[in-house]
Amino acid sequence: MPDASLVLGIETSCDETGVALARIHDDRTELLVDAVASSVDEHARFGGIIPEIASRAHLEAMVPTIQRALGEADVDLGQVGAVAVTAGPGLVGPLTVGAAAAKALAVGLGVPLHGVNHVIGHAAVDEMVHGLFPERVMALVVSGGHSSLLLVDDVATDVTELGHTLDDAAGEAFDKVGRLLGLPYPGGPHIDRLAREGDPGAIRFPRGLTAAKDQARHADDFSFSGLKTAVARWVEARQDAGQEIPLHDVAASFAAAVADVLTAKTIAACRRHEVDTLVIGGGFSANSQLRELATRRCAEAGITVRIPPIRYCTDNGAMIAALGAAVVRRGLPASPLDLAVDSSMPLTQVTV
Amino acid sequence: MPLLALDTSADICVSLVADPRPGPWLASTLGTLASRRVVEQRRHAELLAPMIEEVLGEAEVDRRDLTAVVVGTGPAPFTGLRAGLVTARTLALALGVPVHGVCSLEAVAAQALTDLDAAAEVLVVTDARRRELYAARYRRRDPATPRGELPEVVALDGPLVDSAVALQERGAAQGATVVGAGAALHPEHLAGDPEVVVDPAVLAVLALRRAERGESMPTEPLYLRRPDVTPSAGRKRVSG
Amino acid sequence: MSAVHEVELPDAASARAWGRSLATVLAAGDLVVLTGPLGAGKTTLTQGIGEGLEVRGQVASPTFVIARVHPSQVGGPALVHVDAYRLGSLEELDALDLDTSLEDSVTVVEWGEGLAEVLAEDRLELVIDRPHGGAGLSEEDLATADAGTRRVRVRAVGPRWADVELPTGG
């Protein structure tokens, strides 16, 4: 018999096939299992995500990953009370595979389907790590594809997008600077590694949208394009002069600029909106400078910072099960079976 | 004992089929209880699940009474085909019933051969986009199968993907009746009857018979094309 | 058949404005190929095109996802924004698994030189130059590194563009 408190979450917005099971308790949401199959090795050959390859991998991984999750949690599929799935944003083909699978499960099990927002899932997953959210939290979601600042009054019903990147996402800026420096894809981890041995104060790269003139319109927005161009021109000037590029210092100074802007703007937003809890999620929250700086600055500002362990920051089914559980907990209506995936789903839309 | 059969290789179609065993497998006794067909190139993942609910509702069949799920494995353009396959696989998982895959072109061939002579051959062509066709040539497996009875088929050529011109040049259609939606696309090179399309009930019958013979019917997709986005060979110039 | 047209865009606002003007001559089925180094302003220009087409969503870099579809808010064509940097060939958009078609959309391909030409016989090829190097170690120089005039060379290829007047400088 279906158990209404048991939620199965499916995530396929990019290149990880994630299936997780969450159990809703009165005072917490418990993660029972989080199974992930990744096609990232296939992509590494190609230097990044190729949508068609990811979609093919999702199709092959879907049933085995569901079975693995059920087996590890010792749960029978018939006990699942609701199915949650990423409806967007993300890659259309991969999203389509997950949505079709979730719909078939919902039809086959006779249980409700909940299409939810991937980016908000990156925040919601922390409810299973550090407990249910207080009334109001700020969420900074930073990844290869997103850099967004969200004011979360209710994670299932009331999310306001305060700001986002106007050009490159933080992770994307890292990858592009990685290109400039001749590092392999993805550049993020390489720059992070180089940066640890460099001087973050060596080069004063610009902090995008922090000037007084940008405060009115773009106080909560990010821009990393100007920073990227500055790094490009700095490197070009050095090359033109026949000088060697100090990779460690460039990486450290660049990473410092990104972490500085992200944390300064986020903390300013917390103050402005009188929020005392900050959640940081998304794959880029693995970045060590961001973690260190956010922890230090939040402590100084009296803000509680919640950053889930790295395995819950990257894409996974747990984030979708967590958000699905939040939706079910509030008794929200099911999504229609004809729900369409949405590659550019607005971040104010939690459910479909 | 109903089966659910679906195909997303061209149109999106779903049929609820009464298990007609024991045969004979007359086309007139396929026993379709309810069916839906939508002619759409996209939106497969949106439309399919509601169509499944509709056929179950119309025939007043409880999903828990389904005995198997049958799915067309293509060949077909990627996104829509995957929606059908993942739907069939996960639905079967949820219901705890087997899932059977049948090449979509074989269903078209079996249907076309039903009313042709014992020795007849058909070339089935469907739209592969990019100005190409999926094609496969078939005949009856057992020439003794009487006319009017849905025959098991055997592939003589294909399935493959190629342009209509190339198919014409290699004589793919010579001596065969051309059928399938692809026959309407390049009539100057390959003309035939485009009205013969996949009937999920035919997929279901072929699957049941193969199950009786103990054949395995994997649901692997027939993409017939590699993921055509190839990686960048060298480093591009990123600096000005 | 091709015609060359040049514009100078002194800053990001003018680049965006020129993109908006360009959008007025774009229709479903059109292809725009953008070429230029990192920081040239390809995404900025595309943002202008997106504004002009009145599509939904923030037009940002599609590098990570390779392609992003922005549906129209006014019943017009969608904007398909592609970053082909990591791709070596691009026979058809089908391969990107977008569930949308060239015919129904305005397609803008960044880093598409040498790849995207096969997508359509008619297309606009835009080559954007930005100031090179020069920025020293001074904070002031780096802070303004992203400023400076962009020169855009537009090559209109194919009969589609034969009688179309392209917008002049922003």
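Residues numbered from 1 in each chain as written. Chains lettered and ligands numbered in written order. Predicted model: local features only at pLDDT ≥ 70, side-chain atom pairs only at ≥ 80, totals over all residues.

Undergrad: Looking at this structure, how should I read the overall build of chain A?
TA: In terms of regular secondary structure, chain A is built from 13 helices and ten strands. In terms of overall dimensions, chain A is globule-like: its C-alpha atoms have a radius of gyration of 20 Å, near the 20 Å expected for 352 residues. Principal axes of the C-alpha set define a box for chain A whose edges measure 70 × 45 × 30 Å. The 352 residues of chain A split such that 65% are buried. Of the contacts formed within chain A by residues at least 6 apart in sequence, a portion of 76% connects residues at least 24 apart. (Helix = DSSP H or I, 4+ residues; strand = E, 2+ residues; numbered from the N terminus. Rg over C-alpha atoms; globule rule 2.2 N^0.38 Å. Buried ≥ 20, exposed ≤ 12 C-beta atoms within 10 Å, placed from the backbone. Contact = placed C-beta atoms within 7 Å.)

Undergrad: Looking at this structure, how should I read the domain arrangement of chain A?
TA: Frequently, the measure chosen for interface size is the accessible area removed from exposure when the parts meet. Residue and element names in this part refer to chain A. Assigned domains of chain A: these are domain 1 (3–130 + 312–329) and domain 2 (137–307). Each of domain 1 and domain 2 has a C-alpha centre, and these two points are 28 Å apart. At the interface, 15 residues of domain 1 touch 17 residues of domain 2. Every element with two or more residues in the side of domain 1 that touches domain 2 is listed here: helix H4 (118–124) and helix H13 (317–329). No other element matches the five residues that H4 contributes to the side of domain 1 that touches domain 2. A per-class count over the side of domain 1 that touches domain 2 returns nine nonpolar, five polar and one charged. (Domains from an automatic or database assignment. Nonpolar A, V, L, I, M, F, W, Y, C, P; charged D, E, K, R; others polar.)

Undergrad: It is not clear to me how the pairing of strand S4 (residues 80–88) of chain A should be interpreted in this structure. Could you clarify?
TA: The side chains of a regular strand alternate between the sheet's two faces. Residues and elements named next belong to chain A. Taking burial as the measure, the nine residues of S4 include eight buried ones, the bulk of the element. Of the pairings in the sheet, the one linking strand S1 (residues 3–11) to S4 comprises five bridges and is parallel in character. Residue pairing for S4: Gly 9 is matched across the bridge by Ala 84. In this sheet, strand S5 (residues 113–117) lies alongside S4 in parallel orientation, the contact comprising five bridges. Within the sheet, the bridge partner assigned to Gly 88 lies in S5 and is Asn 117. (Pairing = 2+ DSSP bridges.)

Undergrad: What's the story with the sheet that holds strand S7 (residues 147–154) of chain A in this structure? I'm lost.
TA: Strand pairing in a sheet relies on backbone hydrogen bonds. The paired strands run either parallel or antiparallel. All names here are of chain A. Taking strand neighbours across the sheet as the criterion, the five strands line up as S8-S7-S6-S9-S10 in an open arrangement whose pairing is mixed. Lying at the two open borders of the sheet, with one neighbouring strand each, are strand S8 (158–164) and strand S10 (304–306). Neighbouring strand axes in the sheet, compared pairwise and without regard to direction, differ in orientation by 25° on average. For S7 and S8, the ladder comprises six bridges, and the chain directions are antiparallel. Bridge assignment links Val 152 to a residue of S8, and that residue is Val 159. (Axes fitted to C-alpha atoms, helices over the stretch in contact; angles between N-to-C directions.)

Undergrad: What exactly am I supposed to notice about the interface of chain C and chain A here?
TA: Tallying the contact residues gives 33 residues for chain C and 40 residues for chain A. Those elements that provide at least two residues to the side of chain C that touches chain A are strand S3 (67–70) and helix H3 (139–143) of chain C. Partitioning the side of chain C that touches chain A into residue classes produces 15 nonpolar, eleven polar and seven charged.

Undergrad: Please clarify how unusual backbone geometry should be interpreted in this entry.
TA: Excluding glycine, residues mostly have negative phi values, and the peptide bonds linking residues are mostly trans. Residues A:Gly88 and A:Pro89 are joined by a peptide bond in cis, for which omega reads -15°. Position of A:Pro89 among the secondary structure elements: in the loop between S4 and helix H3 (92–109). Of the consecutive residues B:Gly74 and B:Pro75, the connecting peptide bond is found in the cis state with omega at 10°. As for its position among the elements, B:Pro75 is in the loop between strand S4 (69–72) and helix H2 (78–95).

Undergrad: Where do I start with the UniProt feature "binding site: Fe cation" (unreviewed entry) in chain A in this structure?
TA: All names here are of chain A. Per the UniProt annotation, the sites labelled "binding site: Fe cation" (unreviewed entry) are His 118, His 122 and Asp 315. The largest pairwise C-alpha distance within this set of annotated residues, which runs over 198 residues, is 8.7 Å, so the set is compact in three dimensions. Looking at where His 118 falls in the secondary structure, it is placed in helix H4. When sequence neighbours within four positions are dropped, the list of residues in contact with His 118 reads Ser 13, Thr 86, Gly 88, Pro 89 and Gly 90. Following the sequence through the fold, His 122 ends up in helix H4. Note on His 122: 32 C-beta atoms within 10 Å, which makes it buried. Filtering out sequence-adjacent residues up to four positions away, His 122 remains in contact with Val 141, Gly 281, Gly 282 and Met 319. (UniProt positions renumbered as here; feature names shortened; annotations may be inferred.)

Undergrad: What exactly am I supposed to notice about the environment of A:Glu274 here?
TA: Residues and elements named next belong to chain A. Its place among the elements puts Glu 274 in the loop between helix H10 (247–272) and strand S9 (277–281). A count of 7 C-beta atoms within 10 Å places Glu 274 in the exposed class. A C-alpha to C-alpha distance of 9.5 Å links Glu 274 and Val 137, two positions 137 residues apart in sequence.

Undergrad: I would appreciate a short explanation of the confidence of the model for chain C in the present structure.
TA: Do not read the predicted coordinates in detail wherever pLDDT is low. Residue and element names in this part refer to chain C. Of all residues in chain C, 86% attain a pLDDT of 70 or more, and the chain-wide mean is 84. Model confidence for chain C, summarised as mean pLDDT per element, is weakest for H3 at 72 and strongest for helix H2 (residues 42–53) at 95. Our summary of model confidence lists the complex with pTM equal to 0.91 and ipTM equal to 0.93. (pLDDT = per-residue confidence, 0-100.)

Undergrad: What exactly am I supposed to notice about the packing of helix H6 (residues 170–180) of chain A against helix H9 (residues 225–240) of chain A here?
TA: Working note: a packed helix pair is described by the angle between its axes plus the distance between those axes. Residue and element names in this part refer to chain A. Viewed as axis vectors pointing N to C, H6 and H9 meet at an angle of 10°, and their least axial separation amounts to 10 Å. Of the possible angle classes, the one that applies to H6 and H9 is roughly parallel. Residues Ala 173, Lys 176, Val 177 and Leu 180 of H6 pack against Leu 227, Lys 228, Val 231, Ala 232 and Val 235 of H9. In terms of residue class, the contact of H6 with H9 is made up of seven nonpolar, no polar and two charged. (Parallel < 35°, antiparallel > 145°, perpendicular 65-115°, else oblique.)

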